[in-house]
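# Summary of the model geometry
The primary structure of each chain is shown beneath.
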Amino acid sequence: MTARRRHIAHLHLHASPGGKRYGDVVELMAGVTPHVQEMPPDAVQLDLTSALRYFDLPPYDVVQLVKMRLKALYGIDSSAGLAGNRMLAAMAADASAPGETTCVPAGQAAQWLSPRPVAALPGVGRATVEKLGRYGLHTVGQLADLPAVTLQRLLGVSQARLLGDRARGHDPRPVVPAEPAAHLSAELVLDADCLDPVRHHRSVLGLAEHLGQRLRGEGQVAGRVTLVVRYADRSSTTRTRATAEPTDHSPALAATALGLLTALGLQRARVRAYTLRVDHLLPAADVYRQLSLDPADVRARLAEAAADRARRRFGADAVRPATLAAADPPAAGWDARGPAG
């Protein structure tokens, strides 16, 4: 039984998004395939194999779809490589002119690699290039044709085996998504001190909605919520509360967060910033949710799922809760992932 051929895409972003914007790009990619490997600051790799049946498109067309979404939603131009493994896809992207996509057809990896300089192979540094050059080995094809025992005499057993495999177009490495975070957090920093209880409510509600979207996008649920409020005098207050059950449902997170806000009693406090953090994270697939007989809860979750699909297609701001529609935009905001483990 033959193994299913993989379809790996490597995208090079021609404007480094940086920080939160790069996270938005990765989240956009996750709407196409769950197999996304981050390569900050300006590249990302996708394993499209499992996504082809869903989109019912050839691999090249899926890559073009991703590139169009990047341009439409974030104004980011990209070049891409498409091949059967990570190394070939990255090399094809490097060989692509701005805006273009280079494909390495199945069964033609050795032919495509042959005329390329040995320096194009990953793991070949200047010293190795100079050593191989002294023996007349300047192209990948020459390296691939060299007997293994001869290459071992030149480079040693370990490096010779690795470069020999790469020269023949072999790379077994899978696309590995980022490790799950120990926590997720979001912060809102205001332009001026705030005494308005309505704005306190909207601010915390907006942070809870955002974290709910992030949890659902990463397939995780949270078991605890922490609210940190920072004041004009640089002091702060922190409150933590467990959720009724591990959840990624924005209204459930918001109810817990707003309960913490109410308990603080900020009637006369001059607030400058809010931070909301969720932790005790678990894979959503491993958690059983208590079934609800409330039709309103069922409708809310269906609406939430539909809104998430719209955001993946049209951008993060395509759908917003009505309560937040009139809220002032934050002066500054960021998302953070805590280290795993």
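Whatever comes next refers back to the structure up there.
Here the structure is a predicted model, which is why all the values come from computation and not from measurement.

## What to know about the pattern of salt bridges
Summed over the entire model, instances satisfying the criterion amount to eight salt bridges. With a closest N to O distance of 3.8 Å, Arg-214 and Glu-27 form a salt bridge. Placement of the pair is Arg-214 in helix α10 (residues 197-218) and Glu-27 in helix α1 (residues 19-30), with a sequence separation of 187 residues. The class for Arg-214 is buried, based on a relative accessible area of 12%. We classify Glu-27 as partly exposed; its relative accessible area is 31%. As a salt-bridge pair, Arg-173 and Asp-171 come within 2.8 Å of each other at their nearest N and O atoms. Its relative accessible area of 7% is what places Asp-171 among the buried residues. Ionic contacts of the salt-bridge type, sharing partners, join the residues Glu-27, Arg-214 and Glu-218 into one network.

## Here we look at the pairing of strand β4 (residues 78-83)
The element β4 is extensively covered by neighbouring structure, given that six of its six residues are classed as buried. Here β4 shows two buried faces, one formed by Ser-78, Ala-80 and Leu-82 and the other by Ser-79, Gly-81 and Ala-83. Both strand β1 (residues 8-13) and β4 contribute to a ladder of six bridges, which runs antiparallel. Paired with Ala-9 across the bridge in β4 is Leu-82. Pairing between β4 and strand β5 (residues 101-103): three bridges, direction parallel. Bridged to Leu-82 within β5 is Cys-103.

## Examining helix α8 (residues 148-155)
Along α8, the residues classified as buried are Leu-151, Leu-154 and Leu-155. Along the long axis of α8, the arc covered by the buried residues comes to 75°, so they all point the same way. Elements in contact with the buried residues of α8: α6 (126-134), α7 (140-145) and α9 (157-167). Phi turns positive, to about 95°, at Gly-156, one or two residues after α8.

## Focus on the packing of α10 against helix α11 (residues 250-264)
Orientation of α10 relative to α11, taken along the N-to-C sense of each, is 145°, at an axis distance of 8 Å. Note on packing geometry: the crossing formed by α10 with α11 is right-handed. Residue-level inspection shows His-200, His-201, Val-204, Leu-205, Ala-208, Glu-209, Leu-211, Gly-212, Gln-213, Leu-215 and Arg-216 of α10 in contact with α11, the latter providing Ser-250, Leu-253, Ala-254, Ala-257, Leu-258 and Leu-261. The residue inventory of the contact of α10 with α11, partitioned by class, reads ten nonpolar, five polar and two charged.

Calculation rules
- Residues numbered from 1 in each chain as written.
- Predicted model: local features only at pLDDT ≥ 70, side-chain atom pairs only at ≥ 80, totals over all residues.
- Heavy atoms only, no water.
- Salt bridge = Lys/Arg side-chain N within 4 Å of Asp/Glu carboxyl O.
- Helix = DSSP H or I, 4+ residues; strand = E, 2+ residues; numbered from the N terminus.
- Buried < 20%, exposed > 50% of the residue type's maximum accessible area, 1.4 Å probe, protein only.
- Pairing = 2+ DSSP bridges.
- Arc of directions from axis to C-beta.
- Contact = heavy atoms within 4.5 Å.
- Axes fitted to C-alpha atoms, helices over the stretch in contact; angles between N-to-C directions.
- Left-handed = near helix turned anticlockwise from the far one by under 90°.
- Nonpolar A, V, L, I, M, F, W, Y, C, P; charged D, E, K, R; others polar.

Remember, this is a structural readout, not a statement about activity or role.
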